[in-house]
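What follows is each chain in one-letter form.
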Amino acid sequence: MTDSKYFTTTKKGEIFELKAELNSDKKEKKKEAVKKVIASMTVGKDVSALFPDVVNCMQTDNLELKKLVYLYLMNYAKSQPDMAIMAVNTFVKDCEDPNPLIRALAVRTMGCIRVDKITEYLCEPLRKCLKDEDPYVRKTAAVCVAKLHDINAQLVEDQGFLDTLKDLISDSNPMVVANAVAALSEIAESHPSSNLLDLNPQSINKLLTALNECTEWGQIFILDCLANYMPKDDREAQSICERVTPRLSHANSAVVLSAVKVLMKFMEMLSKDLDYYGTLLKKLAPPLVTLLSAEPELQYVALRNINLIVQKRPEILKHEMKVFFVKYNDPIYVKLEKLDIMIRLASQANIAQVLAELKEYATEVDVDFVRKAVRAIGRCAIKVEQSAERCVSTLLDLIQTKVNYVVQEAIVVIKDIFRKYPNKYESVIATLCENLDSLDEPEARAAMIWIVGEYAERIDNADELLESFLEGFHDESTQVQLQLLTAIVKLFLKKPTETQELVQQVLSLATQDSDNPDLRDRGYIYWRLLSTDPVAAKEVVLAEKPLISEETDLIEPTLLDELICYIGTLASVYHKPPSAFVEGSRGVVHKSLPPRTGSSESAESPEAAPSAGQAAEQPAVIPAQGDLLGDLLNLDLGPPVSGPPLAASSVQMGAVDLLGGGLDSLMGGSGFTAPGPAAPAAMGAPLGSGLGDLFDLTGGVGTLSGSYVAPKTVWLPAMKAKGLEISGTFSRQVGSISMDLVLTNKALQVMSDFAIQFNRNSFGLAPAAPLQVHAPLAPNQSVEISLPLNTVGSVMKMDPLNNLQVAVKNNIDVFYFSTLYPLHILFVEDGKMERQMFLATWKDIPNENEAQFQIKDCSLNADAVSSKLQGSNIFTIAKRNVEGQDMLYQSLKLTNGIWVLAELRIQPSNPSFTLSLKCRAPEVSQYVYQAYDAILKN
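Quick caveat, the model's predicted, so the values are computed rather than measured. (Residues numbered from 1 in each chain as written. Predicted model: local features only at pLDDT ≥ 70, side-chain atom pairs only at ≥ 80, totals over all residues. Heavy atoms only, no water.)

**Student:** How would you summarise unusual backbone geometry if you had to cite specific residues and measurements?
**Tutor:** Following Asp-799, the chain continues into Pro-800 via a peptide bond in cis, with omega recorded as -5 degrees. Looking at the secondary structure, you find Pro-800 in the loop between strand 6 (782-790) and strand 7 (803-809). Of note in this structure, Asp-857 is not a glycine but carries a positive phi near 55 degrees. Of note, Asp-857 is situated in the loop between strand 9 (850-855) and helix 39 (862-871). Look at Asp-857 and you get exposed, because its relative accessible area is 66%. (Helix = DSSP H or I, 4+ residues; strand = E, 2+ residues; numbered from the N terminus. Buried < 20%, exposed > 50% of the residue type's maximum accessible area, 1.4 Å probe, protein only.)

See the structure below:
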């Protein structure tokens, strides 16, 4: 009968009955009872009450029963540490059992019980098992050392287990060697600084000897360890390669990839002139080809690795093009990957074969695959110049099929071919223009518009073609709008007399009617250029374009070198270094290939590969160092950033005011006849985690009170603004920032046509909607308006940091004023940091970034302070009482991602509080203190 019967009981007094059965004298009954207990545990029932009874069953010679009891122990030892100590004696006894299986079982279970109290009892049995005469026990004990090191590293070092592990590398049994290597590698990975695996030619020799006799897992451990070794010269590298090469014919694909990794790494040290180098290249191809006959999932992993290998050494597989031809029953992910490698291997020798194959693919039914195949034809044309003509004629044949998505992809790649080979294939433009009406995808429309604009002098009806796109200008995507603007300006510069109306039409569409800042900016630049210096405009817009390069999607060389060191791991499938997807510090050891020797290419040798590797990875997943969020989530990325991110962005955005007169020209104040106010119309600031705040009970009731709002003050007196008086304040409610204004008309005439605009500022504050005054403002009348703001405007560092320059226009004139906004309107709702993260970040930020302030005359207690601050999104993470004074540890986050950490010291009898702030952009601290002061005193 199967074991399913143990899972089908539905009795009420089950625990009580099991207790009786566990204490039965009959061995069979006991075993049945333990099986029932394990079954209940497996389905998630709590059977921890039976702990003492199950532990009593440990005293048995029956191996099956012992295994079951040990399984129970592993599961419940953590929740019942005091009870688990009862089992220690049995472990110690079992470690001296005559049966090696029981000795190994005892030591394995001890390693899995992660209870601090028990660890010191384990040391003696573990020491005996590491020196046991049976290899099975030794290999199990080796892994146990790594587990124990994870629980208590200091204990392992004090007890000398690491030295014993190092001795096991010279063990006579290959499996013991493999497990010792695995354990040491695991420990070394969590302690990159310790030089545990101190490999030398003697120990490498022992590992290579063990390699031939290990199980497949053992071989993988040993090969991965070899890959981290740096041979002292090319002769040693060659001898290691010779002894690793037989692993290429192993049946397990993981062993094959690990061997390929070792060989790829050590080939760097071999001179290309050596005969052996050529032999090795020949030996590497067959195993990689064999991997492609596995099931699709394995094929995919193999193809992702081959993609890296082909980028590093294309000569390995240059004669194997046919294996990468797509089979009709390949899944799409395999097809796309094969296609990628085909293009990488395309050369003059095999291009005819490749093109014939790609043309077949372009008639398949799978749309994604067909698109990629058409793109591939274009990439072949750019890569192999001799084939360009054949590729273009193939693309024209495909355009004749009139299949919509094929035509669109073909037009996109023909644009690139024009960029690579100017003045060669322009005869096909007529055919392309015939398909104008069928284009509905932004990329294809943009490509076609580029072609018409670039070759306007060859197309008689270019103006009509571009005009046809203008009709639905506002429905087009940004990409198409930008292309259309540029193309019409090019056309105007080539045929100025016929297209004057057209260019004025597109410029006013781009500048007056559009909400897109990129489009508006480009429109204004062209307008300025054309109105001030048409000759310069010609030089800028019709300049010679650089030729495009062939391989645009190659991995950056230093990153590629690092990924080669990770062949056969997840990094090689993601094509990203482990630091990009492994959280925390483990596994983020930067690896690099050894420096090249003997070959003339040593000039490009990545000597400083680790540092270069870090630079290369920046665009991967981890945000750049300047991005403080990124820093906090990866505290071990590198030295802390000293410069504030604000300064960096102001260099990019605030360097040149492209529109010359800044705000006044936009408002029509300068001679340039630009259109009226272009107020940003991106509505709706993001809604914060309002609900989250309500349920976050730590801050008491204060959470509901909302953020502190300062009373309104006069910003623009009527004397300075021809009778218009503006007063206001700033507020933040549930994640939305608003500017609350009161406009008062103290003049004798009616005011209307109001508009508002902000100059660039430190945090990118900008109106999220136009200023709406619904009726004209009569004399002596006031109107209250709440103007929503967002933080996606242009950034420029101001002095003081919270200075905001505003321009308000009405039917009388344009008026300017500046005001200071309180920083707490920029504190976001998700500014509560986890405790661990807070500690790590506080240590990580250098001490010179800490600033201290005194908040005087404040009579609140710690709870009231915490509650009040939480209303303005300053979150208390922990509260401690040290020598009678309360310490609040708090965090807040600004809209641009800068975190500020605070320690607030409150003495019950003293009305002065001490505030310490730490932040990576220390110039923010002064303004954060002002916000604290304002919130707590009102």
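From this point, the discussion proceeds with the structure in view.
**Student:** So what about the confidence of the model for the chain? Which residues, and what values?
**Tutor:** Note that predicted coordinates carrying low pLDDT should not be read in detail. Here the chain shows a mean pLDDT of 80. Residues at 70 or above account for 85%. Within the chain, no element has a lower average pLDDT than helix 37 (residues 690-695), which sits at 33, and none a higher one than strand 5 (residues 766-767), at 94. (pLDDT = per-residue confidence, 0-100.)

**Student:** Just give me the short version of a negative patch on the surface, but keep the residues and values in it.
**Tutor:** On the surface, Glu-464, Glu-467, Glu-471 and Glu-501 cluster together to form a negatively charged patch. Examined against the element boundaries, Glu-464 turns out to sit in helix 26 (residues 462-470). (Patch = residues over 30% accessible without salt bridge, like charges linked within 9 Å, V, L, I, M, F, W, Y side chains within 5 Å. Areas by Shrake-Rupley, 256 points an atom, 1.4 Å probe, with all protein chains shown as cover. Salt bridge = Lys/Arg side-chain N within 4 Å of Asp/Glu carboxyl O. Lys, Arg positive; Asp, Glu negative; His and termini not counted. Charge placed at Lys NZ, Arg CZ, Asp CG, Glu CD.)

**Student:** I'd like a rundown of helix 4 (residues 63-76), residues and numbers included.
**Tutor:** Helix length check: helix 4 (14 residues) gives 20 Å between terminal C-alpha atoms against 20 Å at 1.5 Å per residue, within 8%. Taken together, the buried positions of helix 4 are Leu-65, Lys-66, Leu-68, Val-69, Tyr-70, Tyr-72, Leu-73 and Tyr-76. Considering only its buried residues, helix 4 is in contact with helix 2 (27-42), helix 3 (51-56), helix 6 (88-94) and helix 7 (100-112). (Expected span 1.5 Å × (residues − 1). Contact = heavy atoms within 4.5 Å.)

**Student:** Any chance you could break down the environment of Thr-713 for me, citing the residues and the numbers?
**Tutor:** Within the secondary structure layout, Thr-713 lies in strand 1 (residues 713-716). Judged by relative accessible area, which is 44%, Thr-713 ranks as partly exposed. Expressed as a C-alpha distance, the spacing of Thr-713 and Ile-726, which sit 13 residues apart in the sequence, is 8.7 Å. Among all residues touching Thr-713, those that are not within four sequence positions of it are Ile-726, Ser-727 and Gly-728.

**Student:** Describe the environment of Ser-40, and please don't skip the residues or the numbers.
**Tutor:** Along the chain, Ser-40 turns up in helix 2. Here Ser-40 falls in the buried class, since its relative accessible area comes to 5%. Excluding anything up to four places from it in sequence, Ser-40 contacts Glu-14, Lys-45 and Val-47.

**Student:** Residues and numbers for the packing of helix 14 (residues 216-227) against helix 16 (residues 253-267), please.
**Tutor:** One can describe the packing of helix 14 onto helix 16 by two numbers: an axis separation of 9 Å at closest approach and a directional angle of 15 degrees. Here helix 14 is positioned roughly parallel relative to helix 16, judged by the angle of their axes. In this structure, helix 14 meets helix 16 at a crossing whose hand is left-handed. Facing Glu-216, Gln-219, Ile-220, Leu-223, Asp-224, Leu-226 and Ala-227 of helix 14, the residues of helix 16 in contact are Ala-254, Val-255, Ser-258, Ala-259, Lys-261, Val-262, Lys-265 and Phe-266. Taken together, the residues of the contact of helix 14 with helix 16 sort by class into nine nonpolar, two polar and four charged. (Axes fitted to C-alpha atoms, helices over the stretch in contact; angles between N-to-C directions. Parallel < 35°, antiparallel > 145°, perpendicular 65-115°, else oblique. Left-handed = near helix turned anticlockwise from the far one by under 90°. Nonpolar A, V, L, I, M, F, W, Y, C, P; charged D, E, K, R; others polar.)

**Student:** Pulling in residues and values, what's your account of the nonpolar core?
**Tutor:** In terms of nonpolar packing, the biggest core is built from 214 residues, with Tyr-72, Val-244, Leu-317 and Phe-418 touching the most fellow members. Contact partners of Leu-317, with chain neighbours within four places excluded, come to Ala-285, Leu-288, Val-289, Ile-306, Val-310, Phe-324 and Leu-345. Among the nonpolar cores identified, the runner-up in size contains 63 residues, and Ile-726, Ala-862, Leu-894 and Ala-921 belong to it. (Core = buried A, V, L, I, M, F, W, Y, C linked by side-chain atoms within 4.5 Å.)

**Student:** Quick rundown of the packing of aromatic side chains? Include the residues and the values.
**Tutor:** In total, this model carries 12 aromatic pairs according to the counting rule given. Between Trp-715 and Phe-817, the aromatic rings sit 6.0 Å apart at their centres with planes inclined by 25 degrees, giving stacked as the arrangement. Within this pair, whereas Trp-715 is found in strand 1, its partner Phe-817 is found in strand 8 (residues 814-820), the two being separated by 102 residues in sequence. An identical accessibility class is assigned to Trp-715 and Phe-817; each is buried. Ring pairs connect the aromatic residues Trp-715, Phe-730, Phe-817 and Tyr-821, which therefore count as one cluster. We note Lys-335 situated over the ring of Phe-369; from NZ or CZ to the ring centre the distance is 5.2 Å. (Phe/Tyr/Trp six-rings, centres within 6.5 Å; stacked < 30°, edge-to-face > 60°. Lys NZ or Arg CZ within 6 Å of the ring centre and 35° of its normal.)

**Student:** Got a sec to walk through the sheet that holds strand 6? Specific residues and values, please.
**Tutor:** An order of 1-2-3-6-5 is seen for the five strands of this open sheet, with the pairing classed as antiparallel. Each of the sheet's edge strands pairs with one partner strand only, and the pair in question is strand 1 and strand 5. As judged from the two bridges shared by strand 5 and strand 6, these two strands associate in the antiparallel manner. Bridged to Pro-767 within strand 6 is Leu-789. (Pairing = 2+ DSSP bridges.)

**Student:** Let's hear about the sheet that holds strand 11 (residues 885-893): which residues, and what values?
**Tutor:** What the five strands build is an open sheet, ordered 9-13-12-11-10; its pairing is antiparallel. Unpaired on one side and paired on the other, strand 9 and strand 10 (875-882) mark the two borders of the sheet. Each adjacent strand pair in this sheet contributes to an overall mean axis angle of 20 degrees, direction not counted. Pairing analysis gives eight bridges linking strand 11 to strand 12 (residues 899-906), with the strands arranged antiparallel. Directly across from Lys-893, in strand 12, lies its bridge partner Trp-899. The strands touched by helix 39 are strand 10, strand 11, strand 12 and strand 13 (913-919); relative to strand 11, the strand with the most contacts, the crossing angle is about 5 degrees. Relative to strand 9, helix 40 (residues 925-937) is tilted by about 25 degrees, and along the sheet it contacts strand 9, strand 11, strand 12 and strand 13.

**Student:** I'd love a proper account of the pattern of salt bridges, names of residues and values included.
**Tutor:** Going through the model one piece at a time under the given rule, you end up with 38 salt bridges. In this structure, Arg-127 engages Glu-124 in a salt bridge whose closest nitrogen and oxygen atoms are separated by 2.6 Å. Of this pair, Arg-127 and Glu-124 both sit in helix 8 (residues 116-130), three residues apart, which is roughly one turn of the helix. Residue Arg-304 pairs with Glu-337 through a salt bridge whose shortest N-O separation is 3.3 Å. Of this pair, Arg-304 sits in helix 18 (residues 296-312) while Glu-337 is found in helix 19 (residues 332-345), placing the two residues 33 residues apart along the sequence.

**Student:** Please provide a residue-by-residue account of the pairing of strand 13, values included.
**Tutor:** Where burial is concerned, most of strand 13 is hidden: seven out of the seven residues are buried. Burial of the side chains of strand 13 extends over both faces: Phe-913, Leu-915, Leu-917 and Cys-919 are buried on one face and Thr-914, Ser-916 and Lys-918 on the other. Pairing geometry for strand 12 and strand 13, over six bridges, is antiparallel. The residue bridging Leu-904 from the neighbouring strand is Leu-915, located in strand 13.

**Student:** Summarise helix 38 (residues 835-844); cite the residues concerned and give the values.
**Tutor:** Residue pairs spaced three or four apart in an α-helix point in one direction, given the helix's 3.6 residues per turn. Of all the positions in helix 38, only Phe-838, Thr-841, Trp-842 and Asp-844 are classed as buried. Taken down its axis, helix 38 places every buried residue within 160 degrees of arc, on the same side. Of the residues in helix 38, the exposed ones pointing more than 90 degrees away from the buried face are Arg-835, Gln-836 and Lys-843. (Arc of directions from axis to C-beta.)

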